[in-house]
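# Descriptive analysis of the structure
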Amino acid sequence: QVQVVESGGGLVQAGGSLRLSCAASGITFSIDAMGWYRQAPGKQRELVARITGGGRTNYADSVKGRFTISRDNAKNTVYLQMNSLKPEDTAVYYCQVQRTPLVAYWGQGTQVTVSS
């Protein structure tokens, strides 16, 4: 059974940094991509950053230059380094493990709160 567990969220002041981690276990297949999404209260879940097995990345425009996604394929782990955090980055951050374009697994989410 696939399990996806996020960690590293918390409360930080504007301008600060946080590093999120996501570990996937029970993986018996080749992971297509791993990514981070976020959902703020009253808003839809949105893509923050994504990385393929080959290392190709894409980011939401709102986080480009501030966030960096990285991946350890051997450990089935993905990280999100978040710098220069803003209050509008406040959200629950979810990790996604994509097996195929139609099959993906999600973590329970980790809260990130940025105070002004």
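Here, the structure is the one placed above.
Residues numbered from 1 in each chain as written. Predicted model: local features only at pLDDT ≥ 70, side-chain atom pairs only at ≥ 80, totals over all residues. Heavy atoms only, no water.

### Some words on the state of the cysteines
Counted according to the given criterion, the structure contains 1 disulfide. Here C22 is linked by a disulfide to C95, with a sulfur-sulfur distance of 2.0 Å. Note on the C22 and C95 pair: the S-S dihedral is about -80°, so by sign convention the disulfide is left-handed. Highlighted residues: C22 in strand β3 (residues 18-25) and C95 in strand β9 (residues 91-100), separated in sequence by 73 residues. Taken individually, C22 and C95 each receive the classification buried, so the pair is uniform in this respect. (Disulfide = S-S within 2.5 Å. Helix = DSSP H or I, 4+ residues; strand = E, 2+ residues; numbered from the N terminus. Buried < 20%, exposed > 50% of the residue type's maximum accessible area, 1.4 Å probe, protein only.)

### Describing the sheet that holds strand β1 (residues 3-7)
Read across the sheet, 4 strands follow the order β1-β3-β8-β7 without closing on themselves; strand pairing throughout is antiparallel. Each of the sheet's edge strands pairs with one partner strand only, and the pair in question is β1 and β7 (67-72). For this sheet, the mean angle separating the axes of adjacent strands, direction not counted, is 15°. Bridging between β7 and strand β8 (residues 77-82) involves 6 bridges; their strand directions are antiparallel. (Pairing = 2+ DSSP bridges. Axes fitted to C-alpha atoms, helices over the stretch in contact; angles between N-to-C directions.)

### Notes on unusual backbone geometry
Positive phi is not limited to glycine here, since N76 has a value of about 50°. Relative to the helices and strands, N76 is located in the loop between β7 and β8. N76 gets classed as partly exposed once you look at its relative accessible area, which sits at 21%. Positive phi is not limited to glycine here, since S84 has a value of about 50°. In this structure, S84 sits in the loop between β8 and β9. Overall, the relative accessible area of 40% leaves S84 in the partly exposed class.

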